[in-house]
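Here are the chains, one letter per residue:
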Amino acid sequence: LDRFLMHVRIGYPDEAAERAILSLNRREALESDQSTKAACPRVSQQHIFDARNELLNMHMAEPLESYLLQLVLAPRKPERNGDDLARWVQFGASPRASISLDRCSRAHAWLDGRDFVTPDDIQSVAPDVMRHRILLGYEAEADGITPDHLIETLISRIAVP
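Because the structure is a prediction, the values reported are computed rather than measured.

Cut-offs applied
Residues numbered from 1 in each chain as written. Predicted model: local features only at pLDDT ≥ 70, side-chain atom pairs only at ≥ 80, totals over all residues. Heavy atoms only, no water. Salt bridge = Lys/Arg side-chain N within 4 Å of Asp/Glu carboxyl O. Helix = DSSP H or I, 4+ residues; strand = E, 2+ residues; numbered from the N terminus. Buried < 20%, exposed > 50% of the residue type's maximum accessible area, 1.4 Å probe, protein only. Core = buried A, V, L, I, M, F, W, Y, C linked by side-chain atoms within 4.5 Å. Contact = heavy atoms within 4.5 Å. Polar contact = N/O pair within 3.5 Å; in protein donor to acceptor, adjacent residues only side chain to side chain. Phe/Tyr/Trp six-rings, centres within 6.5 Å; stacked < 30°, edge-to-face > 60°. Lys NZ or Arg CZ within 6 Å of the ring centre and 35° of its normal. Axes fitted to C-alpha atoms, helices over the stretch in contact; angles between N-to-C directions. Parallel < 35°, antiparallel > 145°, perpendicular 65-115°, else oblique. Left-handed = near helix turned anticlockwise from the far one by under 90°. Nonpolar A, V, L, I, M, F, W, Y, C, P; charged D, E, K, R; others polar. Patch = residues over 30% accessible without salt bridge, like charges linked within 9 Å, V, L, I, M, F, W, Y side chains within 5 Å. Areas by Shrake-Rupley, 256 points an atom, 1.4 Å probe, with all protein chains shown as cover.

Student: In this structure, what is going on with the pattern of salt bridges? I would like to understand it.
Tutor: When the charged atoms of two side chains lie near each other, side chains of opposite charge can form a pair. Summed over all chains, the structure comprises 9 salt bridges. Notably, a salt bridge pairs Arg 157 with Asp 84, separated by 2.6 Å at the nearest N-O pair. With a gap of 73 residues between them, Arg 157 in helix H10 (residues 147-157) and Asp 84 in helix H6 (residues 83-88) connect regions that are remote in the sequence. Classification of Arg 157 by relative accessible area gives partly exposed; the value is 38%. Put simply, Arg 114 and Asp 112 hold a salt bridge, and the shortest N to O gap is 3.1 Å. Several salt bridges converge on common partners, so that one network encompasses Arg 87, Glu 139 and Asp 143.

Right, here's the structure in full:
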């Protein structure tokens, strides 16, 4: 499971590194041939559709779905979870965050070989799903608060069923 939980942040390369990336990419594209492509396993479209259907039909207990929704809804009315959150959040996440958190939580469970979602699945993917969907205000930036810190605060304050 730990191999799925790693999150790496990488800054932008400088111009020389970017040039090297372009050159390497062109060279690899030119050197690839049919034998290299044949060695890559192919996944059928039906296999992808079947996997998607498994995810969508995966069991998520109703209290767990409510927990997922509370994580997404909390930044929309941050004052309900603390005065500090009310100062930090300018705009909460849209309904697309709920959809993405649901799907990614299910995918996380599926990749772990389970046919049900746990709170750990939701909490593991929440930062990646929500970080770019919440807009922090000036006070948060002044206090050095990051979206990840906000999301971890939400996870710690919202009770797991």
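Next comes the rest of the account.
Student: I keep staring at the nonpolar core and nothing clicks. Help me out?
Tutor: Grouped burial of nonpolar side chains is what soluble globular proteins tend to show. Within the largest apolar cluster, 31 residues are counted, with the highest numbers of intra-cluster contacts made by Leu 101, Ile 122, Met 130, Ile 134 and Leu 150. Within the residue set of this core, elements represented by two or more residues are helix H5 (62-73), H6, helix H7 (95-111), helix H8 (119-130) and H10. Ignoring anything within four residues of it in the chain, the contact list for Met 130 reads Leu 71, Val 72, Pro 75, Leu 101 and Ile 151.

Student: Would you mind showing me how to read the environment of Asp 84 here?
Tutor: Judged by its relative accessible area of 18%, Asp 84 falls in the buried class. C-alpha separation for the pair Asp 84 and Leu 150, spaced 66 residues apart in sequence, amounts to 9.8 Å. Among the polar contacts made by the side chain of Asp 84, one reaches the side chain of Arg 157 at a distance of 2.6 Å.

Student: How do you make sense of the packing of aromatic side chains when you look at a structure like this?
Tutor: Two numbers describe a pair of aromatic rings. These are the distance of the centres and the angle of the planes. Taken as a whole and assessed by the stated rule, the structure comprises 0 aromatic pairs. A cation over a ring is seen here: Arg 114 above Phe 116, with NZ or CZ 5.5 Å from the ring centre.

Student: Explain the packing of H7 against H8 to me, please; I cannot follow it from the model alone.
Tutor: How two helices pack is summed up by the angle between their axes together with the distance between the axes. Running from N to C, H7 and H8 cross one another at 135°; their axes reach a closest spacing of 9 Å. Judged by the inter-axis angle, H7 sits oblique to H8. For the element pair H7 and H8, the recorded crossing hand is right-handed. Only Asp 121, Ile 122, Ser 124, Val 125, Ala 126, Val 129 and Met 130 of H8 make contact with H7, whose side of the interface consists of Ala 97, Ser 100, Leu 101, Cys 104, Ser 105, His 108 and Ala 109. For the contact of H7 with H8, the residue count by class is 9 nonpolar, 4 polar and 1 charged.

Student: What am I meant to see in a nonpolar patch on the surface here?
Tutor: Together, Val 43, Ile 48 and Phe 49 line one region of the surface with nonpolar side chains, adding up to about 260 Å² of accessible area. Looking at the secondary structure, you find Val 43 in the loop between helix H3 (34-39) and helix H4 (45-57). Under the relative-accessibility criterion, Val 43 is labelled exposed at 53%.

Student: Mind showing me how you'd approach the environment of Ala 74 here?
Tutor: Structurally, Ala 74 can be placed in the loop between H5 and H6. When the C-alpha atoms of Ala 74 and Ser 105 are compared, they prove to be 18 Å apart, with 31 residues separating the residues in sequence. Ala 74 has contacts with Asn 81, Leu 154 and Ile 158, leaving out every residue within four places of it along the chain.

Student: Can you help me understand the packing of H4 against H7 in this one?
Tutor: Between H4 and H7, the shortest axis-to-axis distance is 9 Å and the interhelical angle comes to 110°. Between H4 and H7, the angle is such that the two are roughly perpendicular. In contact with Ala 51, Glu 54, Leu 55, Leu 56 and Asn 57 of H4, H7 contributes Arg 103, Arg 106, Ala 107 and Trp 110.

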